[in-house]
Amino acid sequence: MKVLLITGTLAEDMVKRYSKESSVETEVVALKIPVAAFLTPQTIVCALKNMDVRSFNQILVPGLVRGDTSEISKAFGVPAFKGPRYAADLPTVLDSLCEIQLSTVVPACDSLREKLEQKALQEIELAEQNREELLKKPGSMLIGNLAIGKDFPMRVMAEIVDAALMEDDEIQRLAKRFVEVGAHIVDVGMVAGTSNPENAAHIVKAVKAVVDVPVSIDTLNPEEIKAAVLAGADMILSADAGNIEEIAPFAKNLPTVVIPTNQQEGYFPKKAQERVELLEQLVAKAKSLGFTKVLGDLILEPSNVLESLVAFREFANRNPVVPLFVGVSNVTELFDADSMGLNALLTRLSAEVDASIILATEKSVKAKGTVQEEVAASKMMFLAKKRGSVPKDLGIDLLVLKDKRHLEEPYNREIEEWANVIAVNGKTEPSVMDERGIFRIAVDHEEGCIVAMRFASAEMDKPAEILKGKTAEGIYGRIVGLGLVSRLDHAAYLGSELAKAEIALQTGKEYIQDNELFRKKHC
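Throughout what follows, the structure given in this document is the object of discussion. (Residues numbered from 1 in each chain as written. Predicted model: local features only at pLDDT ≥ 70, side-chain atom pairs only at ≥ 80, totals over all residues. Heavy atoms only, no water.)

## A word on the overall build of the protein chain
This is how it is decided: The helix count covers DSSP runs of H or I at least four residues long, the strand count covers runs of E at least two residues long, and both are numbered beginning at the N terminus. Contacts between residues were defined by any pair of non-hydrogen atoms, one from each residue, lying within 4.5 Å. All accessible-area figures derive from a Shrake-Rupley calculation using a 1.4 Å probe, and residue coverage is judged against the displayed protein chains alone. Only four residue types enter the charge count: Lys and Arg as positive, Asp and Glu as negative, with His and the chain ends excluded. Throughout, a charge is located at the NZ atom of Lys, the CZ atom of Arg, the CG atom of Asp or the CD atom of Glu.
A count of helices and strands for the protein chain gives 18 helices and 17 strands. Across its three principal directions, the C-alpha atoms of the protein chain cover 80 × 70 × 40 Å. Taking the contacts inside the protein chain whose residues are at least 6 apart along the sequence as the reference set, 61% of them involve residues at least 24 apart. Looking at the protein chain as shown, the accessible area adds up to about 25,800 Å², and 52% of this sits on carbon and sulfur atoms. Of the side chains in the protein chain, 61 bear a positive and 77 a negative charge, and the two mean positions are spaced by 4 Å.

As structure tokens, this is what we get:
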């Protein structure tokens, strides 16, 4: 098979480079238009009139070209389809030509989403496989057995906030859940203003007993840091002007995050330049004290985000070999906004300052799911950086409540002329018990499933059936198929609640069943 690849002048070199990664024979033709997206089927037909197009088996045009490529097919008698939006996806598309049917109107990357996701994960895995070489680069280091640095995806540190106030079972449950959703480091959060070295050591040991990732201690208290180090902590968060000399004897061989503060004196510079200069002084002091692995954190302030980012950028430019730590959740936890978009944007900004580690916390209800979101966002930004593209159409995304690929069919109001239009105001909820019983819906976030429990009557303490699944559609279909609901109003309400539960499961948020008739508080 021989494929003709059409592009613009700006993308010509990139298209040629990526097309060579495929075993399919190709020829690249760059038309005299800089941006490929400005091409149209008409301009492509005109530009190819003097070329022997019939020697090709297929023509692929850029995925961002508007219009239907069937016009090109008609003009030359050669099948013409839309290729991917981005050149980086060309190898996957070309190697899949015999397996899939491309479209004349839909970009190939949409048809190949699953394959692109596999390719994206393989690109990330390649960086991990080359870690020995990448670790030789300035600014790269090991934390335990975890490699960090600019050439690796940003690592996500999941903090167990106020771990010192929790029971062991809860601490270990959270640690295991955070690692299951992709956290690279588990951070043990102590309580500011107190000193409990024994507890710090105990918690570090408890976490290390159940997860196989580095464990960090989050405190400025020297005694707690010392106890945690002796208990096996792999990283210290944090050192500042007030404690750095005291912790040096037992902390200098561990990766340590240095922050531009003096907590003992209550000092933290607000201006970016002052912050940068103080951190530079502290990093230099840490190295003079014998610290071998130093990371910098300019502190991302939720009330002064822009100034903080300016400080990060300035420090990164002046100190390119000092790995950066960004407390993304400092902002997420204190904004009354859905975490998914916030985490995506903040992770992107962290990537732009070449951060090596970002912090995720799930202290507040609105921040639930943040660890998983930051893990996905980190992968997205790594791929975008590697491909030289925006974080779009990567094979990995954070689109949960919205989707860019399905076009809604427009509603034609003219059909109302031939129908009886009934206006429905508000929400109608069932008020009479279904003879088959009642359902209580729940979300099991630990297992990752929706749970539908049917009680034969309101007086029953134990459910007659429990249905568990990943999707509302699947559970609803099973309930109807088993005849477990008889009233149409109950069936409609049940479908609505299951849909809400699925959204809660996907986003990591809490689900609360709406109608008192269906709620079993004592269960």
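## Considering the pattern of salt bridges
As a reminder of what qualifies: Put simply, a salt bridge is a Lys or Arg side-chain nitrogen that is within 4 Å of an Asp or Glu carboxyl oxygen. A 1.4 Å probe rolled over the protein chains alone gives each residue an accessible area, and that area as a share of the maximum for its type sets the label: buried under 20%, exposed over 50%, partly exposed in between.
Counted under the stated rule, the structure contains 28 salt bridges. With its nearest N and O atoms 2.9 Å apart, the salt bridge here joins Asp234 to Lys208. Here Lys208 lies in helix H9 (residues 197-208) and Asp234 lies in the loop between helix H10 (222-230) and strand E10 (235-239), a separation of 26 residues in the sequence. With a relative accessible area of 16%, Asp234 lands in the buried category. Two residues, Glu301 and Lys270, come together in a salt bridge whose shortest N-O distance is 2.6 Å. Taken together, the positions of Glu301 in the loop between strand E12 (294-296) and helix H13 (305-318) and Lys270 in the loop between strand E11 (256-258) and helix H12 (272-288) put the pair 31 residues apart, joining distant regions of the chain.

## What to know about the environment of Val328
Structurally, the position occupied by Val328 is in the loop between strand E13 (324-326) and helix H14 (329-332). Through-space distance from the C-alpha of Val328 to that of Glu159 is 12 Å; in sequence the pair is 169 residues apart. Setting aside residues up to four positions removed in sequence, Val328 forms contacts with Leu300, Asn343, Leu346, Ser350, Ile358, Leu359 and Glu374.

## Topic: the sheet that holds strand E17 (residues 465-469)
Cut-off, in case you're wondering: If DSSP finds at least two bridges between two strands, the strands pair. Orientation is described by lines fitted to C-alpha atoms, with helices fitted over the stretch in contact, and by angles between N-to-C directions that extend from 0 to 180 degrees.
One open sheet accounts for three strands, arranged E15-E16-E17; its pairing is antiparallel. Sheet topology places strand E15 (438-444) and E17 at the edges, where each strand pairs with a single neighbour. Between one strand axis and the next, the sheet turns by 20° as a mean value, whatever way the strands run. Note: strand E16 (residues 449-455) against E17, five bridges, orientation antiparallel. Note that in E17 the partner of Val451 across the bridge is Lys468.

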